[in-house]
Amino acid sequence: VRAALEWTFVASRRASEVMGSRGEDGLVAWVGDLLDGDDPLSRRFERFCAAAGPLDKYAAAELASELLHFSAPEHHWLWARWVWNPSSRTGSLPLLIGEEYELDADGLAVSYERVSEALAALDSSPEASAFRMQGGGRLATDLLLACAYGVYLRTVLGLKMTQEFNALVPPMGQPPDELP
């Protein structure tokens, strides 16, 4: 479990901070409850985040989301701060869904449910299906979100940084004319 936590984006640079003084049994129980506990997901999600120690609440929610998504991507959506950051009200999800979904909520579990609902709608969109080569799978939606965020970052950098700095940043890649 310790090694798995170290591979998450949130905990990779601050694994010891996230894991705190928990022993192996404590880590297994903490993560195991989130992934396979008997309570509804919303309760497990809130409980996991509350016990995430020194992490701020959104980093704790991101860690919970990563563990859920990467252990069962067909059942759980990824809510990373680059997908939707409630603090700054930015991310690739609001860029793609517009005003149709209200992502703000009281409580992390309700926020996760709202983000998941918006991601499910995006998953069935023509934009996400354009990223599917053969068959289904949610990887297409993750790719669409990542591409949208890359364009967003490049645009923001271009507007806010000096021309000298922007000359150092490689240009955005272009898709091939024809896919194999």
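Residues numbered from 1 in each chain as written. Predicted model: local features only at pLDDT ≥ 70, side-chain atom pairs only at ≥ 80, totals over all residues. Heavy atoms only, no water.

(A) Seen up close, the overall build of the chain. Each helix and strand counted, the chain has ten helices and zero strands in total. For the chain, the succession of helices and strands along the chain, N to C, is α-α-α-α-α-α-α-α-α-α. Scored against the burial criterion, the 180 residues of the chain give a buried share of 36%. A sequence separation of at least 24 residues applies to 46% of the contacts in the chain between residues at least 6 apart. About 10,700 Å² of surface is accessible on the chain, with carbon and sulfur atoms providing 56% of the total. (Helix = DSSP H or I, 4+ residues; strand = E, 2+ residues; numbered from the N terminus. Buried < 20%, exposed > 50% of the residue type's maximum accessible area, 1.4 Å probe, protein only. Contact = heavy atoms within 4.5 Å. Areas by Shrake-Rupley, 256 points an atom, 1.4 Å probe, with all protein chains shown as cover.)

(B) Spotlight on the environment of Pro94. Tracing the sequence through the fold places Pro94 in helix α6 (residues 92-97). According to the relative accessible area criterion, Pro94 is partly exposed, its value standing at 23%. Sequence-distant contacts of Pro94, defined by excluding residues within four places in its chain, comprise Val83, Trp84 and Leu103.

(C) Spatial organisation of helix α7 (residues 108-123). Taking 1.5 Å as the rise per residue, α7 with 16 residues should run 22 Å; its terminal C-alpha atoms sit 22 Å apart, in good agreement. The complete set of buried residues in α7 reads Leu108, Ala109, Ser111, Tyr112, Val115, Ser116, Ala118, Leu119, Leu122 and Asp123. (Expected span 1.5 Å × (residues − 1).)

(D) Geometry of the side chain of Asp142. Tracing the backbone through its elements, the reader meets Asp142 in helix α9 (residues 139-160). For Asp142, a relative accessible area of 16% translates into the label buried. Within the structure, the side chain of Asp142 is placed 2.9 Å from the side chain of His69, a separation counted as a polar contact. (Polar contact = N/O pair within 3.5 Å; in protein donor to acceptor, adjacent residues only side chain to side chain.)

(E) Quick peek at the pattern of salt bridges. If you walk through the whole model with that rule in mind, you get four salt bridges. Arg81 is paired through a salt bridge with Glu62; the nearest N and O atoms lie 2.5 Å apart. Of this pair, Arg81 sits in the loop between α5 (57-71) and α6 while Glu62 sits in helix α5, and the two are 19 residues apart along the sequence. Measuring nitrogen to oxygen at the nearest pair gives 2.0 Å for the salt bridge that ties Arg89 to Asp104. Of the two residues, Arg89 sits in the loop between α5 and α6 while Asp104 sits in the loop between α6 and α7, which places them 15 residues apart along the sequence. The partly exposed category is assigned to Asp104, whose relative accessible area is 26%. Salt bridges sharing partners connect three or more residues here, namely Asp33, Asp39 and Arg47. (Salt bridge = Lys/Arg side-chain N within 4 Å of Asp/Glu carboxyl O.)

(F) Up close: the nonpolar core. Within the largest apolar cluster, 40 residues are counted, with the highest numbers of intra-cluster contacts made by Trp30, Phe45, Leu63 and Leu93. Leaving out residues up to four positions away in the same chain, Phe45 has contacts with Leu34, Ala61, Ala64, Ser65, Leu68, Trp79, Leu108, Ala109 and Tyr112. (Core = buried A, V, L, I, M, F, W, Y, C linked by side-chain atoms within 4.5 Å.)

(G) Highlighting the packing of aromatic side chains. A complete count under the given rule lists six aromatic pairs for this structure. Their ring planes at 65° and their centres at 6.3 Å tell us that Phe9 and Phe70 sit as a pair that is edge-to-face. Of this pair, Phe9 sits in the loop between α1 (2-6) and α2 (15-19) while Phe70 sits in helix α5, and the two are 61 residues apart along the sequence. Ring geometry for Tyr149 and Tyr152: centres 5.5 Å apart, planes at 35°, overall tilted. Placement of the pair is Tyr149 and Tyr152 together in helix α9, with a separation of three residues, close to one helical turn. (Phe/Tyr/Trp six-rings, centres within 6.5 Å; stacked < 30°, edge-to-face > 60°.)

(H) α9, seen in detail. Compared with the 32 Å implied by 1.5 Å per residue over 22 residues, the 31 Å span of α9 between its first and last C-alpha is a close match. Taken residue by residue, α9 has Ala140, Thr141, Asp142, Leu144, Leu145 and Ala148 as its buried positions. At its buried positions, α9 is contacted by α5, α6, α7 and α8 (126-129).

Purely spatial values, then, with no claim about function.
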